[in-house]
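# Geometric and topological summary
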Amino acid sequence: MDHRSEVREFLTSRRAKITPTQAGLPSYGIRRVPGLRRAEVAQLAGVSVEYYSRLERGDLSGVSDSVLDALARALRLNDEERTHLEDLARTAGPGPRRRRRSAPQQVRPTVQRMLDAMTDAPALVMNGRGDILAFNALGRALYAPMIDAAGGATPNHARFIFLDRRSHLFWGDWDRAADDTVALLHAQAGRDPYDKDLTDLVGELCTRSDDFRTRWARHDVRQHHIGAKPFHHPVVGDLHLTYESLDLPADGLTLVVYGAEPGSDSEDRLRLLASWATTPGHEAHSLLEGP
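Anyway, here's the lowdown on the structure attached to this text.

Conventions and cut-offs
Residues numbered from 1 in each chain as written. Predicted model: local features only at pLDDT ≥ 70, side-chain atom pairs only at ≥ 80, totals over all residues. Heavy atoms only, no water. Pairing = 2+ DSSP bridges. Helix = DSSP H or I, 4+ residues; strand = E, 2+ residues; numbered from the N terminus. Axes fitted to C-alpha atoms, helices over the stretch in contact; angles between N-to-C directions. Contact = heavy atoms within 4.5 Å. Phe/Tyr/Trp six-rings, centres within 6.5 Å; stacked < 30°, edge-to-face > 60°. Buried < 20%, exposed > 50% of the residue type's maximum accessible area, 1.4 Å probe, protein only.

## A closer look at the pairing of strand E3 (residues 226–233)
- Sheet topology note: the E3/strand E4 (residues 237–248) ladder contains eight bridges and is antiparallel. Considered in E4, the bridge of Ile 226 is made with Glu 244.
- Where E3 folds back on E4, the antiparallel hairpin that results is connected by three residues.

## Re the sheet that holds strand E5 (residues 253–259)
- Across the sheet, five strands lie side by side as E2-E1-E5-E4-E3; this open sheet has antiparallel pairing. Edge positions in the sheet fall to strand E2 (132–135) and E3, since each of these pairs with one other strand and no more. On average, adjacent strands in this sheet sit at an angle of 30° to one another, irrespective of strand direction.
- Bridging between strand E1 (residues 123–126) and E5 involves four bridges; their strand directions are antiparallel. Looking at E5, one finds that Val 125 is bridged to Leu 255.
- Packed onto the sheet, helix H7 (residues 109–117) meets E1, E2, E4 and E5 and runs at close to 55° relative to E2.

## Topic: the packing of aromatic side chains
- On inspection of all chains with the given rule, the structure shows 14 aromatic pairs.
- Ring geometry for Phe 135 and Tyr 143: centres 6.3 Å apart, planes at 45°, overall tilted. Of the two residues, Phe 135 and Tyr 143, both sit in the buried class.
- With centroids separated by 5.9 Å and ring planes inclined at 65°, the aromatic side chains of Tyr 143 and Phe 170 adopt a geometry described as edge-to-face. Highlighted residues: Tyr 143 in the loop between helix H8 (137–142) and helix H9 (144–150) and Phe 170 in helix H11 (residues 167–170), separated in sequence by 27 residues. Accessibility classification places Tyr 143 together with Phe 170 in one group, the buried group.

Dropping the structure here:
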């Protein structure tokens, strides 16, 4: 996960998504590659072709906010893509930097107490790599299949989705979950490209999963603060849950809280899941069949 390569491939992939017509430019003849040419992006951004070519080669060091603004407009970046570009520019440096291994992240006792106080909603805390570091009781019950599959290691969204075929049983929309997870990892790579644990995770997944490798090459980025997710839980069946994600700035972590629409089947099934979670010995047997 080389920083210059990340910059180059992100800009190239965004350029390839825009047609001259969408950009308000004339188009002549058949193009060998999709999207805009470098010269057209440079024209739209108001910079020289040589300068834009330098940026697309991966050198964002010293780029000004005004150039980032112009580039974001030229490439029609959405808010999340613009933030990713800013992160890439912020972490650009004049020379190579040594990758560092992240310190083990632990959830503060006050955060765990906050989780435990949420008795009617599944809640968890995760880091930017998708490691789930803490749950409340109902969150642990909801994510029991992922915890079970981790075999005592820290559960990780990406490893479960791409390296364990049983994840297809758990996620109601596996393709969407896979797309979202890779997009979140790309966003994290922009914020902290020198995190060795993240680099190791991406390398492992690229090596072992064609599905991951294909999605990683798209360079999509995304942050999810609100939304809905379908689950298929082996104990209570289908669940359609909304979620809210809240940043914990003091920790660099994210709190995710799930809920169900009042009066819905999912609300009834959440109550059943809560009852199962308090049953003695409910974790004694594996929830997932197969290797």
